[in-house]
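If you want the building blocks of each chain, they are given just below.
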Amino acid sequence: MTQNNAKRSIRVWTDGCFDMVHFGHANACRQAKALGDYLIVGVHSDEEICKHKGPPVYNEQERYKMVRAIKWVDEVVENAPYVTSIETLDKHNCDFCVHGDDITLTAEGIDTYHLVKEQKRYREVKRTQGVSTTDLVGRMLLLTKSHHENDESKLPCAETAKGLSSSNETFSPWTRSCQFLATTNKIIQFSDGREPKPGDRVVYTAGAFDLFHIGLLEFLEKVKKEGDYIIVGLHSDPVVNRYKGSNYPIMNLHERTLSVLACRYVDEVVIGAPYKVTKELLEHFKVDLVVHGTTHVAPDLDGSDPYEEPKRQGKFKVVDSGNSLTTADIVERIIAHRLEYEKRNREKEIKEAKVFQIHSEMKKSEPNEFKAVNLNQ
């Protein structure tokens, strides 16, 4: 094929706040990337988010780095404008903009994608049901455990958690609290399916990896430097709750699985990994090195060191990420600004409930059109 006849690369733009970057954000990026060849992600600044939505939980530098670590992202544009314009798409040579099938509005109640929708340079993908930043904040504020997946009991029904408000008028169809339903297909979509190559140095690390944050990301970035193939073992919800207490983990096992699989430094995840790293586990995965961070290691149920076997084999190493941020610190951020976040979430749900009604009516009349929503009309 000559250069002139070669297929032109399709450049895709998507943008957002990406606060408390979770697997729903990663899935949006995965779907957007599938519509083209090169994905550029615009991330809004703290100032823009405060103006239009209220204070973000993660600061802009944390959010920029977290989005860069999503494996489907090719490029990140910092301080992206809150309203996506044709000029932004043209500046970055993007063919079109992609967003989920929920509606985002400015502080004035105007659809943030109205300009690209008018020019037919907008595409839509399915929003990931069962997760939102609003929901995660709610879990922390309410100290709920309804999202846990217990080994001996059935999963809770989808409406177990009531969200942050009991009023029907404020029940948002997009950010309401509900149970995320994991499927094998979703896990396959997030997994690369790559096996270690002959000669690869296999590194194993295990933990909760809850609310996948910048501290965990920077730890995995350091772990990646220790080998060629990185396996992350994720402990089950009851095990995490045993050594962390309260309502931890904030995200259940399958939510944590997808969040970790979306990270570009991770090759494989062991779902519900045993707390004790055994000889059998090391042999099964042909592990060359077991790594743990500088955080405290709780003893196993029998009082033994869960890492005694890799230590005995001389395969254990403590890696300092250089970042002391923990999941507990993120929860503290939420608690410290509780009233602000509760107010933000209530206002967001009220606005989204109104928008959803308008949007649904528009879709009934013109199901194949992407029309902008304006609450002021």
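That block above? That's the structure.
A short tour of the structure in this document, coming up. On a predicted model such as this, the values are computed, not experimentally measured, just so you know.

### Let's talk about the state of the cysteines
Thought 1: A full pass over the atoms with the stated rule returns zero disulfides.
Thought 2: Cysteine C50 shares no disulfide, and the gap to the nearest cysteine sulfur, in C17, comes to 9.9 Å.
Thought 3: Taking relative accessible area as the criterion, C50 reaches 43% and is therefore assigned partly exposed.

### Topic: the sheet that holds strand β5 (residues 122-125)
Thought 1: With respect to topology, five strands assemble into an open sheet ordered β3-β2-β1-β4-β5, the strand pairing being parallel. Single-partner strands in this sheet number two, and they are β3 (75-78) and β5. With strand direction ignored, the average angle separating the axes of adjacent strands in the sheet is 30°.
Thought 2: As defined by bridge partners, strand β4 (residues 96-100) adjoins β5 across four bridges and the pair is classed as parallel. By the bridge assignment, G100 is partnered in β5 with V125.
Thought 3: On the sheet, helix α1 (residues 23-34) packs against β1 (11-16), β2 (38-43), β4 and β5 and is oriented at approximately 140° with respect to β2.
Thought 4: Packing against the sheet, helix α3 (residues 60-68) makes contact with β2 and β3, and its axis sits at approximately 165° to β3.

### What about the packing of helix α6 (residues 133-142) against helix α13 (residues 327-336)?
Thought 1: Between α6 and α13, the least distance of the axes is 10 Å, while the angle of their chain directions is 80°. Taken as axis vectors, α6 and α13 run roughly perpendicular relative to one another. Touching V137, M140 and L141 of α6 are V331, I334 and I335, all from α13.
Thought 2: Among the residues forming the contact of α6 with α13, the class breakdown is six nonpolar, no polar and no charged.

### Comments concerning α3
Thought 1: Buried within α3 we find E62, R63, Y64, M66 and V67.
Thought 2: Looking at the buried residues of α3, the elements they touch are β2, α2 (46-52), β3, α8 (214-224) and α13.
Thought 3: The N-capping residue of α3, defined by a side-chain oxygen 3.1 Å from the backbone nitrogen of Q61, is N59.

### Some words on unusual backbone geometry
Thought 1: Residues Y248 and P249 are joined by a peptide bond in cis, for which omega reads -5°.
Thought 2: Along the chain, P249 turns up in the loop between α9 (237-244) and α10 (253-261).
Thought 3: A positive phi angle, close to 50°, is found at M20, a residue other than glycine.
Thought 4: Tracing the backbone shows M20 in the loop between β1 and α1.
Thought 5: Judged by its relative accessible area of 2%, M20 falls in the buried class.

### Points about the sheet that holds strand β10 (residues 316-318)
Thought 1: Read from one edge to the other, the open sheet built from five strands follows the order β8-β7-β6-β9-β10, with strand pairing classed as parallel. Either end of the sheet is taken by a strand with one partner, and the two such strands are β8 (268-271) and β10. Adjacent strand axes in the sheet meet at a mean angle of 25° when their direction is disregarded.
Thought 2: Across the sheet, α10 touches β6 (202-207), β7 (229-234) and β8, and the angle it forms with β8 is around 170°.

### Describing the packing of aromatic side chains
Any aromatic ring pair is given by two values, namely how distant the centres are and how the planes are angled relative to each other.
Thought 1: Following the criterion strictly, the structure yields four aromatic pairs and no others.
Thought 2: Look at Y243 and Y275: their rings are 5.3 Å apart centre to centre, the planes differ by 35°, and that puts the pair in the tilted class. Taken together, the residues Y243 in helix α9 and Y275 in the loop between β8 and α11 (279-284) connect sequence positions 32 residues apart.
Thought 3: Residue Y243 is classed as partly exposed on the basis of its relative accessible area of 23%.
Thought 4: Taking 5.1 Å as the distance between ring centres and 45° as the angle between the ring planes, the aromatic pair formed by Y307 and F316 counts as tilted.
Thought 5: Over the face of the ring belonging to Y248 we find K244, whose NZ or CZ atom lies 5.8 Å from the ring centre.

### Some remarks on α6
Thought 1: Counting buried positions along α6 yields nine of 10 residues, so the element is predominantly enclosed.
Thought 2: All of the buried residues in α6 are T133, T134, D135, L136, V137, G138, R139, M140 and L141.

### Let's talk about the nonpolar core
Thought 1: One finds M20, F209, F212 and L220 to be the most contacted residues of the largest nonpolar core, which totals 61 residues.
Thought 2: Ranked by residue count, the leading element in this core is α8, at six residues.
Thought 3: Residues within four places of F212 in sequence aside, it is in contact with V21, Y58, M66, L217, L220, S259, V260 and C263.
Thought 4: Ranked by size, the runner-up nonpolar core spans 13 residues in total, among them Y204, A206, I231 and A273.

### Things to note about the environment of T294
Thought 1: For T294, the location among the structural elements is in the loop between β9 (289-292) and α12 (308-312).
Thought 2: Considering only alpha carbons, one finds T294 and V318, 24 residues apart in sequence, at a separation of 6.5 Å.
Thought 3: What T294 contacts, discounting residues up to four positions off in sequence, is V318, V319 and D320.

### With respect to the environment of I49
Thought 1: Inspection of the secondary structure assignment puts I49 in helix α2.
Thought 2: With relative accessibility at 2%, the residue I49 sits in the buried group.
Thought 3: Apart from the residues within four sequence positions on either side, I49 is in contact with C17, H44, G54, P56 and R63.

### Things to note about the pattern of salt bridges
Thought 1: A full pass over the atoms with the stated rule returns 20 salt bridges.
Thought 2: K71 is paired through a salt bridge with D192; the nearest N and O atoms lie 3.4 Å apart. With K71 in the loop between α3 and β3 and D192 in the loop between α7 (184-190) and β6, this residue pair connects regions lying 121 residues apart in the sequence.
Thought 3: Relative accessible area serves as the criterion here: at 52%, D192 is assigned to the exposed category.
Thought 4: Among the ionic pairs, D267 bridges to K224, the shortest N-O distance being 3.3 Å. Taken together, the residues D267 in the loop between α10 and β8 and K224 in helix α8 connect sequence positions 43 residues apart.
Thought 5: Assessed through its relative accessible area of 26%, K224 is described here as partly exposed.
Thought 6: Bridged by salt links that share partners, the residues R194, D200, K224 and D267 form one connected network.

About the thresholds
- Residues numbered from 1 in each chain as written.
- Predicted model: local features only at pLDDT ≥ 70, side-chain atom pairs only at ≥ 80, totals over all residues.
- Heavy atoms only, no water.
- Disulfide = S-S within 2.5 Å.
- Buried < 20%, exposed > 50% of the residue type's maximum accessible area, 1.4 Å probe, protein only.
- Pairing = 2+ DSSP bridges.
- Helix = DSSP H or I, 4+ residues; strand = E, 2+ residues; numbered from the N terminus.
- Axes fitted to C-alpha atoms, helices over the stretch in contact; angles between N-to-C directions.
- Contact = heavy atoms within 4.5 Å.
- Parallel < 35°, antiparallel > 145°, perpendicular 65-115°, else oblique.
- Nonpolar A, V, L, I, M, F, W, Y, C, P; charged D, E, K, R; others polar.
- Polar contact = N/O pair within 3.5 Å; in protein donor to acceptor, adjacent residues only side chain to side chain.
- Phe/Tyr/Trp six-rings, centres within 6.5 Å; stacked < 30°, edge-to-face > 60°.
- Lys NZ or Arg CZ within 6 Å of the ring centre and 35° of its normal.
- Core = buried A, V, L, I, M, F, W, Y, C linked by side-chain atoms within 4.5 Å.
- Salt bridge = Lys/Arg side-chain N within 4 Å of Asp/Glu carboxyl O.

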